Amino acid sequence: MPLIPYALTRPFLFGMDPEQAHELTLGSIARLQNTPAACLWAGERVNDPVTVAGLRFPNRIGLAAGLDKNGRCIDGLGAMGFGFIEVGTVTPKGQPGNPKPRMFRLPEANALINRLGFNNEGLGAFLANVQRAYSFRKAGGIVGLNIGKNAATPIEQAAQDYLTALAGVYPHADYITVNISSPNTKNLRALQGDAELAALLGQLQERKARLAAEHGRQVPMFVKIAPDLDEAQVETIATTLKAQGIDGVIATNTTLAREAVKGLAHAEETGGLSGAPVFEASNRVIRQLRAALGAAFPIIGVGGVLSGADAAAKRAAGADLVQVYTGLIYRGPALVPECARALAK
């Protein structure tokens, strides 16, 4: 268990602006990871190995992309007991993201709204951070690298950004995630359309084959999709993923829906809503994907996991692996082994 209970630190962090608290937390973890001070937040790593997409995961619980956009804290966050850590989204060039304030808590709903907009330091800084991490991987942890497009890149030229990012991260990733579902980059979700998705994935698979030959290793590639899709859209995406030979899918990103938080402070802020309100929508998409893709296709479930029971429900819906993000902010590090134990049953 962490040396300092999260219940003692949460009121302090929740008294700050959400993004300021986020930066303070990550900055502290970045400085103190791989030192004895990591015992302040470190937790038990549940031993529940599973092989998904050809990778051996120490357990089924992971950290979703978005929390550590620059890959600064892989070892520190990994010490909480995660089987895998996904960092990013990284874009080829650094960018500031959207104007502040751009992150809002909705505590009554165990939720967040963010419109960060792929703020990150760019591919060079990201890869330097990833290469500095060592202890999490040494202990068997899996690291996923999540890629996106720059805000200034026209959507018609998005493929070039993804190809650049793919080539950059390929030698350093255990798996790669193609993020086409953030609601905070203009027109990005248009890439989930039938023709657009097939064209993008076709180019990425072609480049990936060349990279595999060049580096002598196969790196699985996943696609992250939105919860705001109807059944026909999910079916189309599933068909495209199979046709293009994609290795797995992550369901889901944040939602634009607001019904579950209507009337709450900040509920009408622009951006993606995460946390408890996205739980059911995410599970619906997972169930539809599993039905469309069959039993063997890798699915990572994410969205609204705030307890071990929530993680188990993702697994029951059809997810092979489960990720957390907003739940970690509301529950703290103890959530990680709790979820890992629930998924090991």
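A short tour of the structure in this document, coming up. Bear in mind that the values here come from a model prediction, so they are computed numbers and not experimental data. Here the residue numbers are simple positions, counted from 1 along each chain's written sequence. Only residues with pLDDT of at least 70 are given local features in this predicted model, and only at 80 or more are side-chain atom pairs given and counted; all residues enter the totals for whole chains, interfaces and linings. In computing side-chain values, all of the structure's heavy atoms are included and hydrogens and water are not.

**Structural notes on the sheet that holds strand β10 (residues 175-179)**
Within a beta sheet, neighbouring strands are joined by backbone hydrogen bonds and run either parallel or antiparallel to one another.
And step 1. Here we have 8 strands rolled up into a closed barrel, ordered β3-β4-β9-β10-β11-β12-β14-β15, and parallel in their pairing. When the angles between neighbouring strand axes are averaged without regard to direction, this sheet yields 25°.
And step 2. Only strands joined by at least two bridges in the DSSP assignment are considered to pair. A run of H or I in DSSP becomes a helix once it reaches four residues, and a run of E becomes a strand once it reaches two; helices and strands are each numbered from the N terminus. Here 5 bridges tie strand β4 (residues 84-90) to strand β9 (residues 142-147), and the two strands are oriented parallel to one another. Bridge pairing links Val90 to Ile147 in β9.
And step 3. Set on the sheet, helix α4 (residues 123-132) makes contact with β4 and β9; between it and β4 the angle comes to about 165°.
And step 4. Against the sheet, helix α12 (residues 335-344) engages β3 (61-63) and β15 (321-324), with an angle of about 145° to β3. Helix axes use the C-alpha atoms of the stretch in contact, all axes being lines fitted to C-alpha atoms, and the angles between their N-to-C directions lie in the range 0 to 180 degrees. Only heavy atoms matter for contacts: two residues are in contact if any of them lie within 4.5 Å across the pair.

**Concerning the sheet that holds strand β6 (residues 103-106)**
And step 1. Pairing is antiparallel across the open sheet formed by 3 strands, whose spatial order is β6-β7-β13. For this open sheet the edge positions go to β6 and β13 (272-275), each flanked by a neighbour on one side alone. Put simply, the sheet's adjacent strands are angled 20° from each other on average, direction ignored.
And step 2. Of the pairings in the sheet, the one linking strand β7 (residues 111-114) to β13 comprises 4 bridges and is antiparallel in character.

**As for the packing of helix α9 (residues 279-293) against helix α10 (residues 308-317)**
And step 1. Two elements in contact, α9 and α10, have axes separated by 8 Å at closest approach and are oriented at 25°. Taken together, the axis directions place α9 and α10 in an arrangement best described as roughly parallel. Two secondary-structure elements touch here, α9 through Phe279, Ser282, Asn283, Ile286, Arg287 and Arg290 and α10 through Asp310, Ala313, Lys314 and Ala317.
And step 2. Three residue categories are used. Nonpolar comprises Ala, Val, Leu, Ile, Met, Phe, Trp, Tyr, Cys and Pro, charged comprises Asp, Glu, Lys and Arg, and polar comprises the others, including Gly. For the contact of α9 with α10, a count of residues per class yields 4 nonpolar, 2 polar and 4 charged. Any angle that falls under 35 degrees is termed roughly parallel, while one over 145 is termed roughly antiparallel, one within 65 to 115 roughly perpendicular, and all others oblique.

**Focus on the pattern of salt bridges**
And step 1. By convention in these notes, a salt bridge is any Lys or Arg side-chain nitrogen within 4 Å of a carboxyl oxygen on Asp or Glu. Counted according to the given criterion, the structure contains 11 salt bridges.
And step 2. For Arg210, the salt bridge goes to Glu206, with nearest N and O atoms at 3.6 Å. On the criterion of helical spacing, the pair formed by Arg210 and Glu206 is a turn pair, its members being 4 residues apart in helix α7 (residues 194-215).
And step 3. Any residue under 20% of the maximum accessible area for its type is buried, any over 50% is exposed, and the rest in between are partly exposed; the area is computed with a 1.4 Å probe on protein chains only. Of the residues examined, Glu206 reaches a relative accessible area of 54% and is grouped as exposed.
And step 4. Arg290 is the salt-bridge partner of Asp320, the closest N and O atoms lying 2.9 Å from each other. One end of the pair, Asp320, is in the loop between α10 and β15; the other, Arg290, is in helix α9, with 30 residues separating them in the sequence.

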